[in-house]
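Understanding the architecture of this molecule
Spelled out, the chains give:
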Amino acid sequence: MTVTTNPAGRSFSVDGVTYTSAQTFAFAAGSVHTVAVTSPQAGGTGTQYAFASWSDGGGQSHGILVPSSDQSFVATFQSIDTQPPSAPTGVAAATPVQN
């Protein structure tokens, strides 16, 4: 069973242990293990990543019944721009008018 994220480098945990790169586990088929992600996760300056979905359709934290053949479980994140937009060059910022 392989667990990873898209984009790569986001953190996830398996049975409470946190990882930041793809991991392959040799769990016994039929055993149950918990995969989870935190959300949002910090990215570069002005960017955060919000959890979108797991490839198996499970929730942000859920149990996985280990299949008999190797299977990958991918947590997908969406990037969120957290920097406020800047005024275009040569344009003054708006000043609120009080009535």
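Here the structure is shown first, and the text comes after it.
The model shown is predicted, which means the values in this text are computed figures rather than measured ones.

1. Topic: unusual backbone geometry
A cis amide bond links Asn6 to the next residue, Pro7, at an omega of 5°. Looking at the element boundaries, Pro7 is found in the loop between strand 1 (2–6) and strand 2 (12–14). The peptide bond linking Ser39 to Pro40 adopts the cis configuration, its omega dihedral lying at 0°. If you trace the backbone, Pro40 turns up in the loop between strand 5 (32–36) and strand 6 (41–42). In this structure, Asp15 is a non-glycine residue whose phi angle is positive, near 55°. Its location among the elements puts Asp15 in the loop between strand 2 and strand 3 (17–19).

2. Notes on the packing of aromatic side chains
Summed over all chains, the structure comprises 4 aromatic pairs. Consider the rings of Tyr19 and Phe25, whose centres lie 5.6 Å apart with planes at 70°: the pair is edge-to-face. What links up through ring pairs into an aromatic cluster is the set Phe12, Tyr19, Phe25 and Phe27.

Conventions and cut-offs
- Residues numbered from 1 in each chain as written.
- Predicted model: local features only at pLDDT ≥ 70, side-chain atom pairs only at ≥ 80, totals over all residues.
- Heavy atoms only, no water.
- Helix = DSSP H or I, 4+ residues; strand = E, 2+ residues; numbered from the N terminus.
- Phe/Tyr/Trp six-rings, centres within 6.5 Å; stacked < 30°, edge-to-face > 60°.

Remember, this is a structural readout, not a statement about activity or role.
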